[in-house]
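Each chain, written out:
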Amino acid sequence: MTSTRMDAVPRSWLDVAAILAVVVALGFAFLSPPDSSQGEVARLFYVHLPVILGAYLAFLVNFVASALYLGSRNLRWDHWAVSGAEVGVVLTGLTLGIGMLWAKPTWGVFWTWSARLTLTAIMFFVYLGYLTLRRATNDQRSRAFRSAIFGMLAIIQIPLVHFSVSIWRDIHQQPTVLRPDGAQMDDVLRNALLAGIIAYGLVTAALLRRRYHLARIQSLVDLELEQGGGDLAGEAISPPTLPGDQSEVSS
Amino acid sequence: MTAPLWPQIKAVTGRDLSRERRSGEVAWVTIPFGAIALLLIPLAVGADIPLLRRIGPGLFWAVVMLFGILIAVRRTAAETGAQRDLVALLGIDPAAGFAGKAVASAVLLVGFELIVGVVAVLLYDIDLTRWPWLLVIVPGVAIGLALLGTLTSSIAANLDSGAALIPFLVAPLSVPLLLGATQALDPLRPSNGILPWVMLLLAVDLVLAIAGVLTARPLQETR
């Protein structure tokens with residue numbers, strides 16, 4: 001039963017496009033010249049920035065889907081919301097990890113108390129809390145409603161993280177791409193970054209789509225179990241009997 | 001015909017404050033606990049008076065946030081599902097219930113901030129040249145934390161791991177309140193830079209109040 005449903009997650013052109021785009025983006029990243037001051041380690045930037053932009057996108061999906069769920073009470077939107085939160089948490093964790101790898105050779109430490117770093121870590125924990133909240137109940141409607149409200153509150157973290165470098169002017173790099181007066185980068189570096197943004201944007205979209213299908217399948221399984229349609233755990237196990245024993249074990 | 005909201009809010013606030021008067025949980029447990037935290041920190045970082053004077057305000061607000069959460073969500077551990085059902089059957093408007101609980105928590109939080117604040121000023125020799133702003137910031141933080149705690153408690157009500165889960169949900173979401181308070185009172189900030197941070201604090205309070213009132217009824221029905 002389950003394997004048939006798992007197969008129901010269809011492969012699409014999006015998955016293929018995401019993989020191809022990542023290969024192309026990595027090619028751009030490795031072929032671009034090393035940074036004059038940071039050297040080879042600067043190549044991590046071509047993954048670091050696109051991945052956090054992917055996380056923002058995923059959290060935005062969570063926010064919009066949460067609002068749509070509250071408006072419609074359609075579980076489809078809850079499936080999109082959990083997809084956004086889960087993919088966003090993974091990508092934020094990846095961003096923090098890549099950032100720490102970059103920070104050690106550049107700043108001499110894995111972690112520094114930059115406002116953006118700290119607020120990104122807090123954003124990670126906010127959405128981890130969202131996922132923990134979802135695990136606290138098995139009732140689909142209750143879970144969807146509670147987490148939708150929390151998802152709507154959680155979105156405030158994104159502007160805080162994004163504008164933190166402008167507000168505090170800390171050690172973290174100031175915006176170089178998403179700034180009002182346009183991106184300030186060399187053309188070669190900008191192309192590599194653009195390839196990364198497209199590639200990891202597609203990866204985010206592909207992950208969101210697959211996680212949505214998984215959430216839909218999980219919801220169907222939960223619904224079937226709630227209605228008593230599925231096999232109960234242990235039902236396939238019969239009590240041991242001795243040879244010649246004719247007694248019946250009453251259930 | 002529905003009963004006016006204000007008497008209901010007053011009744012719920014009175015109930016929560018009476019419960020506190022009888023149990024003394026905030027007065028005899030949380031406030032001394034917060035004061036102990038302020039005493040422990042210098043033992044950990046060393047008796048460097050200029051350093052402690054500089055970090056004192058930030059430590060005070062961090063203690064307010066972390067220990068204030070205990071005040072804002074204290075009711076979750078005490079209130080049972082049967083009590084919530086009884087309040088619903090009595091016809092208390094869920095929005096009034098939310099507001100009443102938040103007001104009671106805010107009153108207790110203001111008390112906590114004032115007492116622990118005096119301890120912090122005495123221990124850390126905190127600069128109070130901008131004290132008039134405290135008249136807005138202290139209640140602003142208390143109201144924000146009370147609203148956040150009450151809303152999150154409603155979201156996680158009747159869940160198996162609710163009591164353990166709520167502080168985890170509230171702590172990271174309280175960051176805008178912490179930033180509003182600490183940045184507004186930063187002694188290095190020019191006077192004209194204070195107002196935006198106070199406005200952030202008040203805006204967060206407003207958003208939380210609207211969210212709490214709007215979601216009170218559906219959350220009660222969800223349980």
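The structure presented is a predicted model; accordingly, all values stated were derived computationally and were not measured. (Residues numbered from 1 in each chain as written. Chains lettered and ligands numbered in written order. Predicted model: local features only at pLDDT ≥ 70, side-chain atom pairs only at ≥ 80, totals over all residues.)

Residues and elements named next belong to chain B. Running from amino to carboxyl end, helix α9 (residues 175-184) crosses helix α10 (residues 194-222) at an angle of 155 degrees, the nearest separation of the two axes being 8 Å. Between α9 and α10, the angle is such that the two are roughly antiparallel. Helix-helix and strand crossings are classified by hand; for α9 and α10 the assignment is left-handed. Mapping the contact onto sequence places P176, L177, G180, A181, Q183 and A184 in α9 and I194, W197, V198, L200, L201 and V204 in α10. Taken together, the residues that form the contact of α9 with α10 break down as ten nonpolar, two polar and no charged. (Axes fitted to C-alpha atoms, helices over the stretch in contact; angles between N-to-C directions. Helix = DSSP H or I, 4+ residues; strand = E, 2+ residues; numbered from the N terminus. Parallel < 35°, antiparallel > 145°, perpendicular 65-115°, else oblique. Left-handed = near helix turned anticlockwise from the far one by under 90°. Contact = placed C-beta atoms within 7 Å. Nonpolar A, V, L, I, M, F, W, Y, C, P; charged D, E, K, R; others polar.)

Taken over all residues, the pLDDT of chain A has a mean of 85, while the share at 70 or more is 83%. Averaged pLDDT values over the elements of chain A bottom out at 48 in helix α1 (residues 2-7) of chain A and peak at 95 in helix α3 (residues 45-72) of chain A. (pLDDT = per-residue confidence, 0-100.)

It is worth spelling out the nonpolar core at this point. Judged by nonpolar contacts, the single largest core of 112 residues is most densely connected at A:Y127, B:A72, B:L109, B:A146 and B:A181. Of the residues forming this core, the biggest block, 14 residues, is contributed by α3(A). Residues contacting B:L109, with those up to four places away along its chain left out, are B:G68, B:I71, B:A72, B:A142, B:L145 and B:A146. (Core = buried A, V, L, I, M, F, W, Y, C linked by C-beta atoms within 7 Å. Buried ≥ 20, exposed ≤ 12 C-beta atoms within 10 Å, placed from the backbone.)

Let's shift gears to the environment of A:I217. Residue and element names in this part refer to chain A. Among the secondary structure elements, I217 is positioned in helix α8 (residues 187-226). Judged by local crowding, I217 falls into the partly exposed class, with 16 C-beta atoms found within 10 Å. Here the alpha-carbon distance between I217 and G201, two residues 16 residues apart in the chain, equals 25 Å.

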